[in-house]
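Understanding the architecture of this molecule
As a plain string of letters, each chain reads:
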There are 2 protein chains.
Amino acid sequence: MNQERENASNYSSGRYRTPDGAPADIVIFTIASEERKSAKKSLPHRELQVLLIRRKNWPFEGMWALPGGFCSESETLRECAQRELLEETGVEDIHLEYFNAYSEPGRDPRGWMISHAFFALVNETRLARRRANDDAADVKLFPVAQALEMSLSFDHGAILRDALARIQEQMLTTTIAKQFLPEEFTISELYQVIETVVPEFEEKNFIRKITSTQSRKGILEEARDSDGDLKLSNRYSQRAAQLYRFTNYRPKLSIYS
Amino acid sequence: MNQERENASNYSSGRYRTPDGAPADIVIFTIASEERKSAKKSLPHRELQVLLIRRKNWPFEGMWALPGGFCSESETLRECAQRELLEETGVEDIHLEYFNAYSEPGRDPRGWMISHAFFALVNETRLARRRANDDAADVKLFPVAQALEMSLSFDHGAILRDALARIQEQMLTTTIAKQFLPEEFTISELYQVIETVVPEFEEKNFIRKITSTQSRKGILEEARDSDGDLKLSNRYSQRAAQLYRFTNYRPKLSIYS
DNA sequence: GCAATAGTGTCTCTTAGACAATATAGA
DNA sequence: TCTATATTGTCTAAGAGACACTATTGC
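This structure is a prediction, so every number in the text was calculated from the model and none was measured.

Our focus in this paragraph is the packing of aromatic side chains. By the definition in use, this model includes 21 aromatic pairs over all chains. Judged by centre distance (5.3 Å) and plane angle (40°), the ring pair of Phe185(B) and Phe246(B) falls under tilted. Taken together, the positions of Phe185(B) in strand 8 (residues 185-186) and Phe246(B) in strand 11 (residues 241-246) put the pair 61 residues apart, joining distant regions of the chain. Each member of the pair, Phe185(B) as well as Phe246(B), carries the same accessibility label: buried. Through a chain of ring-to-ring contacts, three or more aromatic side chains come together here, namely Tyr98(A), Phe118(A), Tyr98(B) and Phe118(B). Positioned above the aromatic ring of Phe142(B) is the side chain of Lys140(B), whose terminal nitrogen or guanidinium carbon lies 4.4 Å from the ring centre.

Below, the structure written as structure tokens:
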């Protein structure tokens, strides 16, 4: 023990310049949906949004930034990000994923800071509760398209771009769409969510492929009530639509097969 | 300017405990191939290997570890990793990719260190030159299967596992296979490389799929000589095989289509 | 009946998957 | 000729892609 302590203190006796902090920044995405004003039932308009906060202190005082904070020695980066997420949005237990580190010298005027970037996907229904509590002037959801054009603090513009690219890729290759959907949803809702995140997405025979092709149909299963009958919803349509839920099945993708 | 400096010094006046360094560790993979001793021409035996170094100092003195080093304030993590890679292997300009950060408290007895993990893919022909120069006792390639069973320094066992999972996924979804192949190669070589990294991989009609199905044939193109004639190789076979090269085309993958 | 969404029929062309068969050339 | 790899033939079932068509139900 003494040996170890001595070694350790020997080691850190100022031979190296050390970082001035270990920040974690979080790109919090949500999909806002707005009922369209129409006499008939119709699908809502959906929009991908990102949560930004207005900085109160130097540097970049008054500018918008990604939520984040400093990690302490006694927690992992993930725990730090979870803590920040809870503070900013009041939500826990949601999809939170580390995706990159930002280490460009000079990226932070406060000193040498390597930022650890996470993205989080939050269902708007869970975000809604919290929003009323906040000072709307300091914490705000922005449409992603708009946020990308804003001048953000630090290199947060680049972080946002990277996060968006990542969730666009994952939206098509994993089942993260479920983060933006209720437990049970219709095929149209799923399609809309995918389209909202990846505007280029187009799949003419979507319903058929997802429900009846052998290689993919394992992704979803029909929702059934306690009697085992199929559950339908007519929330967005005159004709009731079948409700589905995600299974745990995740097809393996390959460019070679 | 003065204002900024004053703010900065104000900021860092010991309010937070700061990390004791910013290390980058690199998981360097290569595929070693060994000609089989057979009278007839036959495909070599291939094996995925990882480069480890034996630690000379406390902590974990004498144990094997991933190569790595401390990042300086004036470089990015990538530059740091590139520098380390050059020092350990003598190679530059190869596939180097950041994949995770390791921040478990207590992971490094020297203090609070968040390790930034990269993986690198090196063609054995480029590694061969360097190996003679090194003291074989301190830098060594291990079969990955063996390295996974060794007790490595720090949390390098976990880092190695994660890196392996990542390149297995990427082997099937991107064209990183080319990192382990010469510019021009035969279909069998490509198949072997994929199989070496992902043992479960099996594709009965591989040659046909990769060369003649519409959705995938863009990945490869036939190699041709200056006259425009097809180039063949009989290095591994009696009957000469068509040589191919990767194009820049990268199919988009989706679980929904 | 109209509007708005849900879902099916149908047709053609391509691909998957399994195996057998043929091709090539050095030893 | 034998051996080891390369490449094509063939057949069936499944899927892709396009579009027209039917279904449902509140207004």
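So, on to the pattern of salt bridges. One pass over the full model with this rule turns up 30 salt bridges over all chains. With a closest N to O distance of 2.5 Å, Glu203(B) and Lys209(B) form a salt bridge. Note on Glu203(B): relative accessible area 13%, which makes it buried. Its relative accessible area of 21% is what places Lys209(B) among the partly exposed residues. A network of salt bridges, in which partner residues are shared, links Glu75(A), Arg83(A), Glu84(A) and Glu87(A).

This part takes up the confidence of the model for chain A. When pLDDT is averaged along chain A, the result is 88; 88% of the residues meet or exceed 70. This stretch, residues 1-14 of chain A, has a pLDDT under 50; its non-local contacts, to residues over four places away or in other chains, come to ten contacts.

What follows covers the interface of chain A and chain B. At the interface, 53 residues of chain A touch 53 residues of chain B. At the junction of chain A with chain B, the criterion picks out two salt bridges. A salt bridge links Arg17(B) to Glu73(A); the nearest nitrogen and oxygen atoms lie 2.8 Å apart. Here chain A is connected to chain B by nine residue pairs in polar contact (both at pLDDT 80 or more). Residue assignment for the side of chain A that touches chain B shows that the elements contributing at least two residues are helix 1 (2-11), strand 5 (95-102), helix 5 (156-173), helix 6 (187-197) and helix 7 (206-212) of chain A. Element by element, the count of residues in the side of chain A that touches chain B is highest for helix 1 of chain A, at four residues. By residue class, the composition of the side of chain A that touches chain B is 29 nonpolar, 14 polar and ten charged.

We now examine empty space enclosed by the protein. For the coordinates displayed, the defined rule picks out one cavity of 30 Å³ or more. Estimated volume of the largest cavity: approximately 60 Å³. Surrounding the largest cavity, Pro19(A), Gly21(A), Ala22(A), Ile114(A), His116(A), Pro19(B), Gly21(B), Ala22(B), Ile114(B) and His116(B) form its lining. The residue makeup of the lining of the largest cavity, split by class, is six nonpolar, four polar and no charged.

Turning to the relation of the copies chain A and chain B, a few remarks are in order. Screw-axis analysis of chain A against chain B gives a translation of 0.0 Å along the axis, an RMSD of 0.0 Å, and a rotation angle of 180°. In the structure described here, the two chain copies are related by an operation that fits a two-fold rotation axis. Across chain A, the smallest distance between a C-alpha and the rotation axis is recorded for Pro19(A), namely 2.9 Å.

Rules of the game
Residues numbered from 1 in each chain as written. Chains lettered and ligands numbered in written order. Predicted model: local features only at pLDDT ≥ 70, side-chain atom pairs only at ≥ 80, totals over all residues. Heavy atoms only, no water. Phe/Tyr/Trp six-rings, centres within 6.5 Å; stacked < 30°, edge-to-face > 60°. Helix = DSSP H or I, 4+ residues; strand = E, 2+ residues; numbered from the N terminus. Buried < 20%, exposed > 50% of the residue type's maximum accessible area, 1.4 Å probe, protein only. Lys NZ or Arg CZ within 6 Å of the ring centre and 35° of its normal. Salt bridge = Lys/Arg side-chain N within 4 Å of Asp/Glu carboxyl O. pLDDT = per-residue confidence, 0-100. Contact = heavy atoms within 4.5 Å. Polar contact = N/O pair within 3.5 Å; in protein donor to acceptor, adjacent residues only side chain to side chain. Nonpolar A, V, L, I, M, F, W, Y, C, P; charged D, E, K, R; others polar. 1 Å grid on protein atoms, 1.4 Å probe; cavity = no way out; pocket = protein on both sides within 12 Å on 5 of 7 lines; lining within 4 Å. Points joined across faces, edges and corners; volume = space filled by probe spheres on them. Least-squares fit on C-alpha atoms with pLDDT ≥ 70 in both.

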